[in-house]
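What the coordinates show
Single-letter residue listing:
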There are 4 protein chains.
Amino acid sequence: MKLPRKLRYGMIGGGRGAFIGAVHRMAAALDGHIELAAGCFSADPAKSRESGADLHLDPARVYADFAEMARREAARPAGERLDFVSIVTRNNTHFAIASAFLKAGFNVVCEKPVTLTLAEARKLRDLVRRSGKVFALTHNYTGYPMVKEARAKIRAGELGRILKVVVEYPQGYATGTVAETARAKGGAEAQISGWRANSAVAGASNCMGDIGTHAANLAHYITGLGIDAVCADLTAFAGGALDDDGNCLLRFAGGAKGILYASQVSNGEENNLVIRVYGTKAALEWHQEHPNELVIKAADRPVQIWRRGNTYLSPEARMATRLPFGHPEAFIEAFANVYRSAAQAIADDVFGRNSPRTGYDFPTIDDGVRGMAFIETVVKSSRARAKWTKFPKV
Amino acid sequence: MKLPRKLRYGMIGGGRGAFIGAVHRMAAALDGHIELAAGCFSADPAKSRESGADLHLDPARVYADFAEMARREAARPAGERLDFVSIVTRNNTHFAIASAFLKAGFNVVCEKPVTLTLAEARKLRDLVRRSGKVFALTHNYTGYPMVKEARAKIRAGELGRILKVVVEYPQGYATGTVAETARAKGGAEAQISGWRANSAVAGASNCMGDIGTHAANLAHYITGLGIDAVCADLTAFAGGALDDDGNCLLRFAGGAKGILYASQVSNGEENNLVIRVYGTKAALEWHQEHPNELVIKAADRPVQIWRRGNTYLSPEARMATRLPFGHPEAFIEAFANVYRSAAQAIADDVFGRNSPRTGYDFPTIDDGVRGMAFIETVVKSSRARAKWTKFPKV
Amino acid sequence: MKLPRKLRYGMIGGGRGAFIGAVHRMAAALDGHIELAAGCFSADPAKSRESGADLHLDPARVYADFAEMARREAARPAGERLDFVSIVTRNNTHFAIASAFLKAGFNVVCEKPVTLTLAEARKLRDLVRRSGKVFALTHNYTGYPMVKEARAKIRAGELGRILKVVVEYPQGYATGTVAETARAKGGAEAQISGWRANSAVAGASNCMGDIGTHAANLAHYITGLGIDAVCADLTAFAGGALDDDGNCLLRFAGGAKGILYASQVSNGEENNLVIRVYGTKAALEWHQEHPNELVIKAADRPVQIWRRGNTYLSPEARMATRLPFGHPEAFIEAFANVYRSAAQAIADDVFGRNSPRTGYDFPTIDDGVRGMAFIETVVKSSRARAKWTKFPKV
Amino acid sequence: MKLPRKLRYGMIGGGRGAFIGAVHRMAAALDGHIELAAGCFSADPAKSRESGADLHLDPARVYADFAEMARREAARPAGERLDFVSIVTRNNTHFAIASAFLKAGFNVVCEKPVTLTLAEARKLRDLVRRSGKVFALTHNYTGYPMVKEARAKIRAGELGRILKVVVEYPQGYATGTVAETARAKGGAEAQISGWRANSAVAGASNCMGDIGTHAANLAHYITGLGIDAVCADLTAFAGGALDDDGNCLLRFAGGAKGILYASQVSNGEENNLVIRVYGTKAALEWHQEHPNELVIKAADRPVQIWRRGNTYLSPEARMATRLPFGHPEAFIEAFANVYRSAAQAIADDVFGRNSPRTGYDFPTIDDGVRGMAFIETVVKSSRARAKWTKFPKV
């Protein structure tokens, strides 16, 4: 990527101690084309100010109120103006913040799930469309080179017709030492952390919203298949209102069958997102915790392990790579690929390129709407005792 | 095991070219305490005779009719009499053959699924109980030492309360070159082999009967938990009457949730039976294709790999082992463990030991009834569009 | 294999509690073509008798003196006569026992290392040649199907010219709890078990003799390359006369370079024999503890995992297999392949087949001589402070 | 890390298309505390200028002559002055460039091998000492969190006394398609790329200098053991003056034995650096291509897999981590850890902290001298036909 100057961005959320804000900053910084110029890191002015100082920001551009930030940053002269903002706050605030910045004329990068409800997501989609601005959703797992290779193989027909998709996303954090301590005092079997247990903040689902949407998005990105219906069984082992485990049967458009599960009570699992796609000609398997490899299997042929960084890979996989083979890339680079692709679109907006606004490879508001539809459909199916529930038209 | 003489057995089925008959013979022979003395290897007299000759049998004890074999072998003098028979024929014949030999006073080892229907299985159970004879069902995966270790750990409470069970059994044989050839001519996407596609021979399910029952049995053996209800989606990608793929949500007695799937259209998978059990204290994971290892995971602790043959294992695992660590054991040894344990019970019957007839570790007619109930329940649930269906009282 | 009757064999060594004798018996029994008919299981008459009873042998054919056994068994009538003997005693007795039975007209299967010294091995080779009898040496790792596949690939030129061979054989038994206890009392850092520490029984080397010879034999079997010179550094961490660890640089005929190491003080390793062979066109890698897979690597191509039991394998690998893919085979089956191949040669001797006495695939006395040369060469090199030492003409 | 402002650095080398320069820039940028402010990216003025423009640099601070850069940047006012430079040029230029910048008062980060010869390295060490400046050498593999965990375990005595070290570094690039093409025309079996084949640029060794030094440095970093003597066999399969493969026996101070090998002709290997360290109490194993795991083995205990990001790890490993468990980190983060630790030392120099100039965790000029001694010793040993050669006093 060649740009006339660095892109400037502001961050909303991501103050001291926040995990995902730091990830966004590393991802944005990696290629040297994006610089942080403003931020509203916390609604607590002191905390926001200190976070801004940690990050070497001009104190005049550090805010504690996102609306004020949108207003004042929009008023900056062109040579200082932010090219985009990154929203890394809690789920229930995404809609208002994204709306404010889109209306103020900024491009937006936003954490998932995109909003609190499907209705909000649809409204935001309308706003994005009207604004003409870039809206990128950080379903970061699509940024891995070998995920792009998987998608390229399926697009090229190398798997034949897809018969079955299995996507698994077990985590075990909710059963760790915190839960052990609670259990010892007669508490529930698991503990969801903080605001994620609160439906007013997290939405209709905790586990399916937090990580199930990643699993569903990944399956869609790789296979291109839409979900036709789901049959879901969500459980709240932690005893609260929201699920911490969910198992789904899937039917895809075109007849493929599937299983999707996400869990935060799978003791000892870390972030073990795995997808396997079986087609008539071949199958593929990818493990997020070993992301540099893509396994290709087919009956009556040796198993193949395709490895990142090699010349034999698709252009999509090769372009998403920074290091030679054997020098492993991982989570940050994948995240940075979402940023890099979004930055290309943003640069085209900012610098007035004539290139068509298509062909970018990053998740959009449409993925956001699809994700919210997924959450609401699995919740509905589970409440109806695992009844097959049609996926709504998005 | 110390026996006053070798046990003698006869085989029904398992003629030239049959896979599973040869497996039974190797498993029986491994420890040097069991010898083949008679057989009805095929209903085709010439084929049975030739198979008997291959196996160095006395031609006078090679039959083409199992009923004749039961009658004539029962008439032999004590010093020649068979101690048990092994039934390795097609599903639809198990009931009649097992009944004939039990009635003639023989102990029985039988392939799974135990019968064609649940009703037959219940009848056979009655007969076994009345006969007082040993009936062993070759759910061979329970014979692996590290499966026994998994069970011992759960029995000892090392996993805490079980929250979730995931058991996967993908095979891909139905999508191999045979299917490719068929597809090229406009055929279905998959091909089930031979009699397995015929419900009159295979029963109400192909895939769930053939391998799904192994998965369900393994989950039961390891966790000790009964299935309370299933919600199943079976598919016949090969286009016939019987499934070649099935996905199930499970609810276990006591509240654990689960996923069980079995497939023969998972291209490139060989015999990839995997089980993961998640408890409040820890989790375990076992892969049939790498059977010498048992993975133990728990949040906030290093992953552990327990390996066959070590002194730190449970007595159950150590007693099921023949070789020192690092000298891998596999499928045949596990199968031989079912034979060895059944042989102990048979020897107690034959040699009139006073030891109580309990404490043996091999699958019985009760496992057979449970397996048939599993088949009929998943078929029923799937036909009702994945409705949660109660597991019948067995 | 089709034989007119079962082959009969006798065992020397392998009494109660012995590991390798039981392995030989399982390997011999697996295919149902070989039966144990006599034995000299121990020089202690009571122990030999009890071992024979455990194994259901005729007490008249159980001995405590191998010379007596050779004499009396040779005197048996043809219909009872042993077709071969298996020698599973300590290293220092192989020469005398093998000589006695060869002279008495028996075929011989023998444990490695073949003798105590290279000089003995050469004498035994002369005797074998004069006798015209079959002599099979149980370098059992050559029996694995994927080892045969490795060899077939190299023979077919698929690796191109071999540039480098790395063969590693770490074990850690000598550093286990026994050693811990000893160290706590001020003992050495490691403990070699029993007679293996005694050069009068074990020979010039413990570790290199016990497992280094397997490594060297495996490299030779797979690559077909002879060792030209070695540069070795042996260590006795246990403090005795004999090595428990050895590292060697190798030069092969034709210019390939290599590393071979064997160790019994590699804490936590079980029986981790690994070979990697790098050629100009491709490379291969095989792990004894995961024996059903053969990894094929080449620059600029996906890694391939060739798996046992598939139709795409070489005839050599397919013929060495008993179970379908995904149903893992392991140590015993590999061992049984040595027996099966030797049994074919023995049957050809016994039943007077006209087939040429070539083309069998089992280790012979020539491998034994080569192994003793390996031991003596590495010991010599190490004593000369890792001087490059020519491999003697064998 | 909290800094009053971002650190500013300049780069020498690393123009368009260079691999390692881009790695340094990503590593420096990752944490948001270091910014690129000047550069001499190429001796070709146009190329340097274009590279500077790609990187959004002020053209006035882009040079084509490093001496001019040192002079002019040293003349800048304090508020613009570089805090350090990063040298990513070819081996033969390191000494002159590092000397120039040290003399001009700059801190230095430098690629390995540190110089062309051991003599140069010693001279540079003197200069560093006299300058009082920070000199960091990018032996980046020491930056991995699980490498730091390995070191912490050994320092804490968890492995007991070290008996054996095996460090392997196979690559296969020299046997790839380029070599295939050359071989097809009758060329050598392998092809070393570009200047690495030229001893005037690369030094006395290609393979041992390029990657063997990493292996030796890693072994030293983890174990703390100095090499006492080496016995080496280097080979130039590509047929030139410099090695592309080298195998070494090692003796460490204190009695541990070892094997170290590095290769660029190991077909199909990518960057497969692996280290195994065996002690009396336990052993450890780490694979660069799967860097988030550290395997701990001990006889009579389950294997343990320690995983990055967990609370159970040592402070050293936890401080070297940016992401939660299960969100894999890789090469860039490890590299960034070298930068972060060096940046702390540089900040202490620049901002006049009173903290003692010790306790930093990055490779220094002493590692550089040790690396050059390693190269010269293995070359000497190999030329003397693998004679045991004492490691010089460094």
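Residues numbered from 1 in each chain as written. Chains lettered and ligands numbered in written order. Predicted model: local features only at pLDDT ≥ 70, side-chain atom pairs only at ≥ 80, totals over all residues.

By the naming in an unreviewed UniProt entry, chain A is Oxidoreductase, taken from Termitidicoccus mucosus.

**Side note on the domain arrangement of chain A**
Residue and element names in this part refer to chain A. Using the following cut-off: The domain boundaries here were taken from an automatic or database domain assignment. Contact between two residues is assigned whenever their backbone-derived C-beta positions fall within 7 Å. For this classification, Asp, Glu, Lys and Arg are treated as charged, while Ala, Val, Leu, Ile, Met, Phe, Trp, Tyr, Cys and Pro are nonpolar and the rest, including Gly, are polar.
If you check the domain split of chain A, you get domain 1 (7-141 + 337-363) and domain 2 (145-323 + 370-390). Taken residue by residue, the interface counts 15 residues in domain 1 and 19 residues in domain 2. Grouping the amino acids of the side of domain 1 that touches domain 2 by side-chain chemistry returns seven nonpolar, six polar and two charged.

**Quick look at the relation of the copies chain C and chain D**
We count it as follows: Least-squares fitting of one copy onto the other uses the C-alpha atoms of those residues that reach a pLDDT of at least 70 in both copies.
Of the transformation superimposing chain C on chain D, the axial component is 0.0 Å and the angular component is 180 degrees, with the fit at an RMSD of 0.0 Å. On this basis, the relationship between the two copies can be described by a two-fold rotation axis. Taking C-alpha positions as reference, the residue of chain C nearest the rotation axis is Lys-387 of chain C, located at 3.3 Å. Both copies present the same face, since 100% of the interface residues in chain C are matched by interface residues at the equivalent positions in chain D.

**Description of the interface of chain C and chain B**
The parts lose accessible area when they come together, and the size of an interface is often stated as this lost area. For clarity, the cut-off: The way it works is that DSSP assigns letters per residue, a run of H or I at least four long becomes a helix, a run of E at least two long becomes a strand, and they are numbered from the N terminus.
Taken residue by residue, the interface counts 31 residues in chain C and 31 residues in chain B. Counting residues per element, the ones that place at least two in the side of chain C that touches chain B are α1 (19-29) and α11 (331-350) of chain C. Per element, the largest residue contribution to the side of chain C that touches chain B is four residues, and it comes from α1 of chain C.

**Let's talk about the relation of the copies chain C and chain B**
Least-squares fitting of chain C to chain B yields an RMSD of 0.0 Å, with the transformation described by 0.0 Å of translation along the axis and a rotation of 180 degrees. Both copies present the same face, since 100% of the interface residues in chain C are matched by interface residues at the equivalent positions in chain B.

**Re the interface of chain C and chain D**
Each side of the interface is counted separately: chain C has 39 residues, and chain D has 39 residues. Among the elements of the structure, β6 (162-170), α7 (177-184), β7 (227-235), β8 (245-252), β9 (257-263), β10 (274-279) and β12 (293-298) of chain C are those that each provide at least two residues to the side of chain C that touches chain D. It is β9 of chain C that provides the largest number of residues to the side of chain C that touches chain D, a total of four residues. Its residues assigned to classes, the side of chain C that touches chain D comprises 16 nonpolar, 12 polar and 11 charged.

**Considering unusual backbone geometry**
What you tend to see is this: most non-glycine residues have negative phi, and most peptide bonds are trans. The omega torsion of the bond from Lys-112 of chain B to Pro-113 of chain B falls at -10 degrees, within 30 degrees of zero and hence cis. Secondary-structure assignment places Pro-113 of chain B in the loop between β4 (107-110) and α5 (118-131). At His-56 of chain A, a residue that is not glycine, the phi angle is positive and equals roughly 65 degrees. Mapped onto the fold, His-56 of chain A is located in the loop between α2 (45-54) and α3 (66-74). Residues other than glycine seldom take positive phi values, yet Arg-385 of chain A does so here, at roughly 55 degrees. On the secondary structure map, Arg-385 of chain A appears in the loop between α12 (365-383) and β14 (389-390).

**Some thoughts on the sheet that holds strand β3 (residues 84-87) of chain C**
Strand pairing in a sheet relies on backbone hydrogen bonds, with the paired strands running either antiparallel or parallel. Residue and element names in this part refer to chain C. Where we set the bar: When DSSP finds at least two bridges between two strands, those strands are taken to pair. Convention adopted: a line fitted to C-alpha atoms gives each axis, helices being fitted over their contacting stretch, and angles between N-to-C directions are expressed from 0 to 180 degrees.
On the basis of which strands lie adjacent, the open sheet formed by five strands has the order β2-β1-β3-β4-β5 and parallel pairing. Every other strand in the sheet has two partners, leaving β2 (34-40) and β5 (135-137) as the edge strands with one partner each. For this sheet, the mean angle separating the axes of adjacent strands, direction not counted, is 25 degrees. The sheet contact formed by strand β1 (residues 7-12) and β2 spans six bridges and is parallel. By the bridge assignment for β2, Gly-10 is matched with Ala-38.

**Quick word on helix α6 (residues 145-155) of chain A**
Residues and elements named next belong to chain A. For clarity, the threshold we go by: Partly exposed residues are those whose C-beta has more than 12 but fewer than 20 other C-beta atoms within 10 Å; with 20 or more the residue is buried, with 12 or fewer it is exposed, and the C-beta atoms are placed from the backbone.
In terms of residue burial, α6 counts as a mostly covered element, since nine of its 11 residues are buried. Here α6 has its buried residues at Pro-145, Met-146, Val-147, Lys-148, Glu-149, Ala-150, Arg-151, Lys-153 and Ile-154. The inward-facing, buried residues of α6 contact α9 (207-223), β10 (274-279), β11 (283-287), β12 (293-297), β13 (303-307) and α10 (315-319). Just downstream of α6 lies Gly-157, where phi reads positive at about 80 degrees.

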